[in-house]
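One-letter residues, chain by chain:
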Amino acid sequence: MMRSEMREPGTAERPTELCGRQAEQRAIAALLADAAAGRSGALVLRGEPGIGKTALLDHAATAADGLRLLRGTGIEVEAELPFAGLQLLLRPALGRLAALPAPQRTALEAALGLEPAAARDPMLIGLAVLSLLAEHAADTGLLCLVDDAQWLDGTSRDALVFAARRLHAEGVALVFAIREGEGSFPDSVDSGLPELRLTGLPPEVAAVLVDRQPLAPAVRYRLLAEARGNPLALLELPVALAAEPDSGLGPHALPLTDRLLLAFHGQVRRLPETTRGLLLVAAADETGDPAVILGAAAAFGAGIGDLTRAEETGLLRRPGAAATTVVFRHPLIRAAVYQRAPLGRRLTAHRALAAVLDAPEQADRRAWHLAAAATGPDDEAAAALEHTAARARERGGHEAAAAAYERAARLSAAPAARARRELLAAEAALEAGEVERADRLARRAARHADPADGLGARLAQVRALAEFWRGSFPTAQQLLVEGAELVTDTDPGQAAALLVQAVHTAWYLGEGRLAETLERLAAVPLPDADPSTPLAAFLGHLLDHGGDGPPPPALADTMAAIRRRGRAPEQSLMILCGAALGRGQDADAYRLATALATELRGAGAAGRLPTALFFVAEGEVFTGRLQDALTTATEALALARDTGQRQWVGQFSSVLAHLAAAEGDEAACRRHAEAGLASATAGAIAPGAPWAHWSLGLLELGLGRPEAALSHFERLTREPMRHHLCALRSVPDLVEAAVRVGAGERAEEAVARFARWAESVRQPWADALLLRCRALLGSDEAAERHYPAALRAHDRDGRPLEYARTTLLHGEWLRRARRKAEARPHLDDALEVFERLGMRPWADRARAELTATGTGTGTGTGTKDAAPSRTAGLTPQELQIVRLAARGLSNRDIAAQLFLSHRTVGYHLYKAYPKLGIASRGELRALTARQEL
C-alpha cells in the first residue's frame with residue numbers, strides 16, 4: 001500500500017544541505033516560497049535508483065516549515081489496485097471532504113471506498129483531489145510529496161497529474177519522484193509538468209561521500225569509477241564489498257542497479273531462514289500491516305522475533321515514531337528480497353497472504369494474491385479477479401479493471417470465458433485511454449471467441465475506436481461497418497449505434513465514404529420505438545444539397561422524438577450537434593451543445609466536455625460572437641491538453657487560429673494553424689485541417705493577400721474536405737478572394753454548390769451570404785439588386801460579423817461607383833461592428849474606404865478613437881469567471897464548473913476587478929445590467 005505521512009505547520013526539522021544538489025535545492029526552495037505566498041506549482045524529479053530522489057524529498061520536507069505536509073510512496077505490488085495511492089496519501093486530509101462540492105465529494109468518497117461505488121468521470125476525481133488539496137492547504141500552504149510515483153496505480157496517477165496541471169493559486173507545492181525507465185508515469189511532454197533529471201554527483205562530491213568510510217585505495221578508486229556518482233551505490237557497495245569481497249560486485253560484473261540488488265540480497269542471505277520468510281511476505285504484501293505480515297509469515301514458521309530482527313538489521317523500519325506499519329528502508333531491498341526468492345517460496349507467500357486477507361474490504365487484495373499463487377488455470381482466482389475488475393470499473397478505475405479482467409482471462413480454463421473476459425478487458429482498457437492495449441486484447445479475444453457467442457460486434461467496436469484514436473480513420477471506418485453487418489438482423493439498435501459512430505469516422509474520409517455510410521444507416525431496419533430512429537432520419541439529410549425532396553427535419557423536432565423514445569447515447573447527441581450545424585440550424589445546435597456542456601459540467605465530466613465545447617465554439621464563431629468563442633476555445637484547449645485528447649487539441653488550436661485571423665494576429669494564427677495540421681495520418685486529414693485552412697485563408701484575405709487566401713480556400717473545395725462545414729461556410733470568402741485577383745470564374749463551382757446547400761437548409765442568413773456572392777460575381781446591375789437584398793436578409797444583431805462584411809463590400813462598391821454619400825453610412829456601420837469585434841484588419845479596411853470618401857475616419861460611432869470595451873483587458877479565463885460571478889455563482893460553484901480550485905477563481909477575480917474599474921462583486925451585476933459583460 002502506498003505509504004503516507006502527514007505533518008502540521010511548524011513541526012519540521014532543520015533542513016540539511018545535500019552534497020552536489022545545489023541546483024535542485026534551489027528549484028525546491030522556489031517552489032516552497034511560492035506555496036508559502038499562496039501560489040502553486042509542481043515538479044517531477046526523475047532519475048535512476050539510488051540517485052538521490054528520496055533525499056531531495058526529505059530535504060523538501062524539512063525545508064517546508066510553516067507548510068502542511070502530505071507524503072506518500074508508491075509500491076509496485078499495489079499498482080493494479082484502483083485508488084490505492086490516493087487512499088493513503090489523502091487520508092490525513094479527509095477531514096476537509098465536507099467542504100467539497102457535492103458531486104466532487106461523492107465521487108472521491110466512492111473512489112476511496114468510503115461510500116458505495118457509482119460510475120463517475122475519472123477527471124471528476126482529479127478535480128476533487130485538486131479541491132481537497134486546496135482546502136487542506138488552508139491559509140498556511142501545503143507540500144505534497146509522492147515518492148516512487150512510477151508505481152502509483154493508474155487512477156491515482158491520473159488524478160494527481162490532472163490536479164497538478166490545474167494548480168494555480170492554492171498555495172500547494174506538489175513534487176513527484178520517478179524512477180527512470182520503470183512504471184508508467186508520463187514524461188514531461190505528456191504530463192505537461194516541469195521536470196528535473198538527476199544525474200550522478202560530480203567526481204569531487206562523490207569523493208567526499210566515499211571518504212566518510214575507511215577504504216583501501218584500490219577499493220576507493222574502483223568504487224568511484226563504478227558508482228558513477230550514484231549516492232546509494234557510494235554508500236551501500238562498500239558495505240557489501242567488505243562483507244563479501246568475492247560477491248561478483250566488481251567492475252563491469254553487472255549493471256549498477258543489479259549490483260545494488262545483489263548487495264542488498266547479501267544482507268538478507270545472512271539472516272535466519274524464518275526471518276527471510278517474513279521479509280518475503282513483507283515484500284509480497286502491500287499493506288505494511290504487522291498483523292497481516294505476521295499472520296502470513298507463520299507459513300514459514302516466522303514470528304514476532306523475526307520481525308524484530310528484521311527491524312534491528314535496518315532492512316525494515318517504521319516510517320514515523322507513531323507509525324503502525326513497517327516499510328523497507330529502500331525500495332531496492334524489497335525488490336532484492338522478492339526477485340531473489342525461489343518461485344516455490346513466492347507462491348507460498350502469496351497463498352498465505354490470500355488466506356489472511358479474508359475480510360470483505362480486503363477482497364481485491366485477496367484476489368490478486370490468489371492470482372499470484374496460481375500455477376495454471378484457476379477458476380476460483382479468475383472469478384475473484386472478475387469481481388475485482390467490476391468493482392474497479394464502477395469506481396472509475398478503468399486501467400485497474402483492464403488489468404484484472406486480463407489476468408482473469410489468462411486464468412480461465414474455458415475458451416468462452418477467456419474470450420468474454422478479454423473483451424471486458426479490452427473495453428476497460430479503451431475507457432482508460434490505453435488504445436494499444438485495447439486493440440491487442442480485442443484481437444486476442446477474437447481468436448478465442450466462438451461466433452455463436454455474439455461478441456463480434458463489440459470486438460469490432462473496440463478495435464475501431466482504438467484505430468480512430470490512433471488516427472487510422474479508414475481502418476476504423478471499415479471495422480465499424482463490419483461490426484454493424486454482424487448484428488443488423490439480430491440487433492438493429494446496436495447496428496445503428498455502430499454506424500452512427502461510422503458517420504463520425506467517415507467525416508474525415510471524404511464525401512463518398514460519408515454518403516456510403518449514411519446509406520447503410522438508412523437501410524438498418526430500426527423499430528419506430530428505438531431512440532436511434534429519429535437520429536438516423538436526421539443524419540440522412542446531412543448531404544442534402546437542393547432538389548425537390550422533403551425539407552430536413554428540425555433539430556428541435558428530432559430531439560422531441562428522441563425524448564419520447566427514451567434517451568440517445570451522449571455521443572450520438574454530440575454527432576447530432578455537428579449534423580445540425582451542417583444543416584444550417586445554428587441556433588438549435590448551439591442550444592443543444594450548450595445544454596450538453598452544462599450537463600457535463602454538472603457531472604464533473606472534464607474528459608467529455610471538450611467535445612460539447614467544440615460545437616459551442618463553432619456556434620459562437622458562426623454567429624460572430626468572437627470574444628465568447630475565444631473564451632470557450634481557450635478553456636476547451638486547456639482541458640483537452642490536461643486530459644490528453646490530442647484530437648481536440650488540434651481542433652481547438654485551429655479554432656483559435658480562426659479567431660487570431662479575425663484579429664489580424666498573423667503570428668498567433670500561423671502558430672495555432674500549425675498545431676491544428678500536425679496530426680494528419682496516411683489516408684486521412686488532420687481533424688483540425690478544415691478550420692486551419694479556412695483560418696489561414698481568412699488571415700491572408702484580411703491582410704490584403706487575396707491570391708494566397710484563394711489557394712487555402714480552394715483546398716477546402718476538394719476532397720476529402722469539400723463536405724466539411726468550413727468548406728461551405730468559407731465559400732463567401734473564396735468568392736471575395738477570387739474577385740480580388742480578377743478570377744471570379746475560379747469560384748463558380750463552389751458558389752453553385754453553396755447555392756444548392758442554401759436552398760436545402762432554408763435559412764435567411766445563408767440566403768444573405770448567397771446574395772453577397774452573386775453581388776460580387778455579377779454585373780453592376782446585379783450588385784445594385786443583390787447587396788440591398790442581402791442586407792435585408794442579414795440579422796445585424798444575431799450575426800453581426802457577416803452583416804458587417806456585406807455592408808463593407810456594399811460600401812466599397814458604392815464608393816467605386818462614385819456614390820460616396822451613399823457609401824459612408826455602410827462603411828461607418830461596418831467600422832463600428834469590426835471595432836467592437838476586435839477585427840483590426842477589417843476595421844482598417846473600412847477606415848481606409850471612409851477616408852477615400854473624403855470623411856476622414858468616419859462620421860458615426862465607428863471612429864478611430866472609439867472607447868475600448870470594458871472587457872478588452874481581461875484574459876479569456878478572467879472574462880469567463882467574472883460572467884459567472886455576475887450571475888451570482890459563488891467561487892466554489894464557479895470552480896466546479898470550470899474544473900479549477902476555488903482559490904484560483906478568487907485569484908482571477910482579484911486580478912479582474914481593477915481591469916473592469918470596479919471593487920466588488922455587486923458591481924458586476926450592474927455591468928451585466930448595462931450589457932457591458
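Residues numbered from 1 in each chain as written. Predicted model: local features only at pLDDT ≥ 70, side-chain atom pairs only at ≥ 80, totals over all residues. Heavy atoms only, no water.

Enquirer: Explanation requested: the overall build of the chain in the structure shown.
Expert: The number of helices and strands found in the chain is 47 helices and eight strands. A globule of 933 residues ought to have a C-alpha radius of gyration of about 30 Å, and the chain, at 32 Å, matches this closely. Based on the C-alpha atoms only, the size of the chain along its principal axes is roughly 105 × 65 × 50 Å. Within the chain, contacts between residues separated by at least 24 positions form 69% of all contacts whose residues are at least 6 apart in sequence. Summed over all atoms, the accessible surface of the chain reaches about 36,500 Å², with 53% contributed by carbon and sulfur. (Helix = DSSP H or I, 4+ residues; strand = E, 2+ residues; numbered from the N terminus. Rg over C-alpha atoms; globule rule 2.2 N^0.38 Å. Contact = heavy atoms within 4.5 Å. Areas by Shrake-Rupley, 256 points an atom, 1.4 Å probe, with all protein chains shown as cover.)

Enquirer: So what exactly am I meant to see when it comes to the packing of helix H28 (residues 570-582) against helix H29 (residues 586-603) here?
Expert: Packed helix pairs are specified by the crossing angle of their axes together with the interaxial distance, meaning the distance between the axes. For the pair H28 and H29, the least separation of the axes is 8 Å and the interaxial angle reads 155 degrees. By the angle between their axes, H28 is roughly antiparallel relative to H29. Read as a crossing pair, H28 and H29 show a hand that is left-handed. Facing H28, whose interface residues are Glu570, Leu573, Met574, Leu576, Cys577, Ala580 and Leu581, H29 presents Asp586, Ala589, Leu592, Ala593, Leu596 and Leu600. (Axes fitted to C-alpha atoms, helices over the stretch in contact; angles between N-to-C directions. Parallel < 35°, antiparallel > 145°, perpendicular 65-115°, else oblique. Left-handed = near helix turned anticlockwise from the far one by under 90°.)

Enquirer: Please clarify how the environment of arginine 222 should be interpreted in this entry.
Expert: Inspection of the secondary structure puts arginine 222 in helix H9 (residues 217-227). Expressed as a C-alpha distance, the spacing of arginine 222 and arginine 340, which sit 118 residues apart in the sequence, is 26 Å.

Enquirer: Explain helix H25 (residues 511-523) to me, please; I cannot follow it from the model alone.
Expert: Each α-helix turn comprises 3.6 residues. Residues three or four places apart therefore point the same way. With 13 residues, H25 extends 19 Å between its outermost C-alpha atoms, agreeing within 8% with the 18 Å of an ideal straight helix rising 1.5 Å per residue. Those residues of H25 not exposed but buried are Glu511, Leu514, Thr517, Leu518 and Leu521. Buried positions in H25, seen along its axis, are confined to an arc of 125 degrees and lie on one side of it. Along H25, exposed side chains directed more than 90 degrees from the buried face belong to Glu519 and Ala523. Contact partners of the buried residues in H25: helix H23 (473-487), helix H24 (492-506), helix H26 (532-539) and helix H38 (748-761). (Expected span 1.5 Å × (residues − 1). Buried < 20%, exposed > 50% of the residue type's maximum accessible area, 1.4 Å probe, protein only. Arc of directions from axis to C-beta.)

Enquirer: I tried to follow the environment of phenylalanine 176 on my own but got confused; where do I start?
Expert: Assignment of secondary structure puts phenylalanine 176 in strand E5 (residues 172-179). On the basis of relative accessibility, which here comes to 0%, the residue phenylalanine 176 falls in the buried class. Once residues lying within four places of it in the same chain are set aside, the contact partners of phenylalanine 176 are Leu43, Val44, Leu45, Val146, Ala149, Leu160, Ala164, Phe185 and Leu193.

Enquirer: How should I be thinking about empty space enclosed by the protein in this particular structure?
Expert: With a probe scaled to a water molecule rolled over the atoms, the places where space remains empty come into view. Throughout the structure, instances matching the rule amount to seven cavities of 30 Å³ or more. Taken together, 22 residues make up the lining of the largest cavity; nearest its centre are His504, Trp507, Tyr508, Gly578 and Phe615. If you list the elements that add at least two residues to the lining of the largest cavity, you get H24, H28, helix H30 (609-622), helix H32 (646-663), helix H34 (689-702) and helix H36 (725-729). When residues of the lining of the largest cavity are assigned to their parent elements, the largest contribution, five residues, is made by H28. (1 Å grid on protein atoms, 1.4 Å probe; cavity = no way out; pocket = protein on both sides within 12 Å on 5 of 7 lines; lining within 4 Å. Points joined across faces, edges and corners; volume = space filled by probe spheres on them.)

Enquirer: Explain the pattern of salt bridges here, please?
Expert: Side chains that differ in charge, positive against negative, can pair when their charged atoms come close. Here the structure, examined in full by the defined rule, presents 72 salt bridges. Here arginine 740 and glutamate 736 are joined by a salt bridge, their closest N and O atoms 3.6 Å apart. Here arginine 740 and its partner glutamate 736 are both found in helix H37 (residues 731-740), four residues apart, which amounts to about one turn of the helix. What makes arginine 740 partly exposed here is its relative accessible area of 42%. Of the residues examined, glutamate 736 reaches a relative accessible area of 1% and is grouped as buried. (Salt bridge = Lys/Arg side-chain N within 4 Å of Asp/Glu carboxyl O.)

Enquirer: I keep staring at the packing of helix H27 (residues 555-565) against H29 and nothing clicks. Help me out?
Expert: One way to put it is that H27 packs onto H29 with a least axis distance of 9 Å and a crossing angle of 40 degrees. Classed by the angle they form, the pair H27 and H29 counts as oblique. Contacts between H27 and H29 pair Leu555, Ala556 and Met559 from the former with Asp588, Ala589 and Leu592 from the latter.

Enquirer: Explanation requested: H32 in the structure shown.
Expert: End to end, H32 covers 26 Å across 18 residues, agreeing with the expected 26 Å (1.5 Å per residue, within 8%). Burial within H32 is extensive, with 16 of its 18 residues counted as buried. Looking one or two places after H32, you find glycine 664, whose phi comes out positive at around 85 degrees.

Enquirer: How do you make sense of the confidence of the model for the chain when you look at a structure like this?
Expert: Interpreting fine coordinate detail is not advised for predicted regions of low pLDDT. In this model, the chain carries a mean pLDDT of 90, and residues with pLDDT of at least 70 account for 94%. Within the model, the stretch residues 248-253 combines pLDDT values under 50 with twelve contacts to residues more than four positions away or in other chains. For the stretch residues 858-865, pLDDT sits under 50, and the model shows 19 contacts to residues farther than four places along the chain or on other chains. (pLDDT = per-residue confidence, 0-100.)

Enquirer: Looking at this structure, I do not really get the side chain of serine 572. What am I missing?
Expert: Structurally, serine 572 can be placed in helix H28. A relative accessible area of 8% places serine 572 in the buried class.

Enquirer: Even after reading the chapter, I still don't get the state of the cysteines, so can you show me in this structure?
Expert: Here is the idea: a disulfide is a covalent bond, and it sits between the sulfur atoms of two cysteines. According to the stated counting rule, one finds zero disulfides in the structure shown. No disulfide involves cysteine 669; its nearest neighbouring cysteine sulfur is the one of cysteine 726, lying 13 Å away. Residue classification places cysteine 726 among the buried residues on the basis of a relative accessible area of 2%. (Disulfide = S-S within 2.5 Å.)

Enquirer: Would you explain the packing of aromatic side chains in this entry?
Expert: When we look at a pair of aromatic rings, we describe it by the centre distance and by the angle of the planes. Summed over all chains, the structure comprises 16 aromatic pairs. With centroids separated by 5.7 Å and ring planes inclined at 80 degrees, the aromatic side chains of phenylalanine 614 and phenylalanine 652 adopt a geometry described as edge-to-face. Of the two residues, phenylalanine 614 sits in helix H30 while phenylalanine 652 sits in helix H32, which places them 38 residues apart along the sequence. Through successive ring pairs, a cluster of aromatic residues spans Phe468, Trp469, Phe473 and Tyr508. Note that arginine 799 overlies the ring of tryptophan 765, its terminal NZ or CZ placed 4.0 Å from the centroid. (Phe/Tyr/Trp six-rings, centres within 6.5 Å; stacked < 30°, edge-to-face > 60°. Lys NZ or Arg CZ within 6 Å of the ring centre and 35° of its normal.)

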